[in-house]
Amino acid sequence: MKKLLSLLLAVTAAIGCLLAFSACGSDTELQMNTRYIQEKDTRDSLEQQRYFLFMSDGVGIYHYYDESTYSGITDYTVTFKYSFADSDKSAVICFFDSVKFGEKHTGSKDFSTDWNRLLTVSGNVLASAGSYGYTFYISENYLPQIPNYGK
């Protein structure tokens, strides 16, 4: 009886640990095959959003769309290779691989092949520091949990 109780307690503890660690991972790790949408574009159509998308093979895409009264429509998708900047995978570095311009693109097709990004990863949100402050990209899976954001 004592062995059965010990075994049951050990199994219960193992299941509890497994559930706790799996829950932590989903909130802190980079989500694969999930769009991270720029915070001000979350209510726009897919074609008009700026977003990152990472695949597990070390390749990702960054879609950029902007309509300006001065320069027309800028619409392109960068394919990039990425690598984690640290062992805890809390930052990711993206390096240019190729670019494809969208059908609506009306501006110049000159593009810098030294395009790169350093992003801080929290799982639900990516953050990019720039000369004008931070830009945040929100996981499409997290948006339903913040239904009043951007309204």
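Residues numbered from 1 in each chain as written. Predicted model: local features only at pLDDT ≥ 70, side-chain atom pairs only at ≥ 80, totals over all residues. Heavy atoms only, no water.

Asks: Please clarify how the environment of E103 should be interpreted in this entry.
Replies: You can see E103 is positioned in the loop between β5 (91–101) and β6 (116–121). Sequence separation between E103 and T74 is 29 residues; the distance between their C-alpha atoms is 9.9 Å. (Helix = DSSP H or I, 4+ residues; strand = E, 2+ residues; numbered from the N terminus.)

Asks: When you look at the environment of F52 in this model, what are you seeing that I'm missing?
Replies: As for its position among the elements, F52 is in strand β2 (residues 51–54). Here F52 falls in the buried class, since its relative accessible area comes to 1%. Sequence separation between F52 and V78 is 26 residues, and the spatial gap between their C-alpha atoms is 9.5 Å. With residues up to four places along the chain from it excluded, the contact list for F52 reads T34, R35, Y36, I61, Y62, F80, C94, W115, R117, L119, L126 and Y137. (Buried < 20%, exposed > 50% of the residue type's maximum accessible area, 1.4 Å probe, protein only. Contact = heavy atoms within 4.5 Å.)

Asks: Could you clarify how one ought to interpret the nonpolar core in this entry?
Replies: Soluble, globular proteins show a tendency: their nonpolar side chains are buried together. Formed by 19 residues in total, the largest nonpolar core has its most connected members in F52, F54, Y62, F80, C94, W115 and L126. For this core, the elements supplying multiple residues, two or more each, are β2, β3 (59–68), β4 (72–84), β5 and β6. Aside from chain neighbours lying at most four places away, what touches C94 is F52, F54, F80, K81, Y82, W115, N116, R117 and L119. Ranked by size, the runner-up nonpolar core spans six residues in total, among them I37, L53, I138 and L143. (Core = buried A, V, L, I, M, F, W, Y, C linked by side-chain atoms within 4.5 Å.)

Asks: When you look at the packing of aromatic side chains in this model, what are you seeing that I'm missing?
Replies: For the structure shown, the criterion picks out 16 aromatic pairs. For the pair F52 and F54, a centre-to-centre distance of 6.1 Å together with 15 degrees between the ring planes defines the contact as stacked. The exposure class of F54 is buried, given its relative accessible area of 0%. Residues F52 and F80 carry aromatic rings whose centres are separated by 6.0 Å and whose planes lie at 70 degrees to one another, so their mutual orientation is edge-to-face. Highlighted residues: F52 in strand β2 and F80 in strand β4, separated in sequence by 28 residues. Take F52 and F80: they sit in the same class, and that class is buried. The ring of Y51 has R35 lying over it, and the distance from NZ or CZ to the ring centre is 5.6 Å. Over the aromatic face of Y62 sits the side chain of R117, whose NZ or CZ is 5.9 Å from the ring centroid. (Phe/Tyr/Trp six-rings, centres within 6.5 Å; stacked < 30°, edge-to-face > 60°. Lys NZ or Arg CZ within 6 Å of the ring centre and 35° of its normal.)

Asks: Which parts of the structure should I look at to understand the confidence of the model for the protein?
Replies: Detailed reading of predicted coordinates is not advised where the pLDDT is low. Per-chain confidence: the protein averages 84 in pLDDT, with 83% of residues scoring 70 or above. Low confidence marks residues 1–25, where pLDDT is under 50. Its contacts with residues over four positions away, or in another chain, come to zero contacts. (pLDDT = per-residue confidence, 0-100.)

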